[in-house]
Amino acid sequence: MKTTLNLNDRVLHLAKRQAARDGITLTRFVEDALRARLADTKNRKRGFRLRLETVKGTTPPNIDVADRNALYGVINWT
């Protein structure tokens, strides 16, 4: 199928140069680039989502953290 594209001059120049280096036509280069881009969107995975579990706790003991003995009293040393 014949199609007309409006491309940035710099992008077109780079594409022609790369196609020549690869020994393929500009048409083939553009087709390959489009196929790669389209395949990339099909293979994209959804982003990772961390789900944190919320639990209800109890009110922490009202102690003076500067008092070592009081801290030892609330720590379970099992």
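**Here we look at the overall build of the protein**
Inference 1: Within the protein, the secondary structure is distributed over three helices and zero strands.
Inference 2: When the helices and strands of the protein are placed in sequence order, the string is α-α-α.
Inference 3: The buried share of the protein, taken over its 78 residues, is 3%.
Inference 4: Taken as a whole, the protein presents about 8300 Å² of accessible surface, with 53% of it coming from carbon and sulfur.

**A short note on the environment of Ala15**
Inference 1: You can see Ala15 is positioned in helix H1 (residues 9-22).
Inference 2: Separated by 14 residues in sequence, Ala15 and Phe29 place their C-alpha atoms 7.4 Å apart.
Inference 3: Apart from residues lying up to four places away in sequence, Ala15 is in contact with Leu26 and Phe29.

**Some remarks on the pattern of salt bridges**
Inference 1: Within this structure, the stated rule accounts for three salt bridges.
Inference 2: Between Arg28 and Asp32 there is a salt bridge, with the nearest N and O atoms lying 3.3 Å from each other. Of the two residues, Arg28 and Asp32 are both situated in helix H2 (residues 26-43); the distance of four residues between them amounts to about one turn of the helix.
Inference 3: One salt bridge connects Arg35 with Glu31, and the closest N-O pair in it is separated by 3.9 Å. With a gap of four residues between them, Arg35 and Glu31 both fall in helix H2, about one helical turn apart.
Inference 4: Where salt bridges share partners, they join Arg28, Glu31, Asp32 and Arg35 into one cluster.

**A short note on a nonpolar patch on the surface**
Inference 1: Taken together, the side chains of Phe48, Leu50 and Leu52 present a nonpolar region at the surface, about 440 Å² in accessible area.
Inference 2: Inspection of the secondary structure assignment puts Leu52 in the loop between H2 and helix H3 (68-74).

**A word on the layout of surface pockets**
Inference 1: Estimates place the volume of the largest pocket at around 370 Å³.
Inference 2: Lining of the largest pocket is provided by 13 residues; of these, Met1, Thr3, Leu5, Thr27 and Val30 occupy positions nearest its centre.
Inference 3: Only H1 and H2 provide two or more residues apiece to the lining of the largest pocket.
Inference 4: Sorting elements by how many residues they give to the lining of the largest pocket places H2 first, with five residues.
Inference 5: Of the residues belonging to the lining of the largest pocket, the class tally is seven nonpolar, three polar and three charged.

**Considering the confidence of the model for the protein**
Inference 1: Looking at the protein, the pLDDT average stands at 86 and 90% of residues meet or exceed 70.
Inference 2: Across the protein, H1 holds the top mean pLDDT of 96, while H3 sits lowest at 83.

What counts, and where the lines are drawn
- Residues numbered from 1 in each chain as written.
- Predicted model: local features only at pLDDT ≥ 70, side-chain atom pairs only at ≥ 80, totals over all residues.
- Heavy atoms only, no water.
- Helix = DSSP H or I, 4+ residues; strand = E, 2+ residues; numbered from the N terminus.
- Buried < 20%, exposed > 50% of the residue type's maximum accessible area, 1.4 Å probe, protein only.
- Areas by Shrake-Rupley, 256 points an atom, 1.4 Å probe, with all protein chains shown as cover.
- Contact = heavy atoms within 4.5 Å.
- Salt bridge = Lys/Arg side-chain N within 4 Å of Asp/Glu carboxyl O.
- Patch = residues over 30% accessible without salt bridge, like charges linked within 9 Å, V, L, I, M, F, W, Y side chains within 5 Å.
- 1 Å grid on protein atoms, 1.4 Å probe; cavity = no way out; pocket = protein on both sides within 12 Å on 5 of 7 lines; lining within 4 Å.
- Points joined across faces, edges and corners; volume = space filled by probe spheres on them.
- Nonpolar A, V, L, I, M, F, W, Y, C, P; charged D, E, K, R; others polar.
- pLDDT = per-residue confidence, 0-100.

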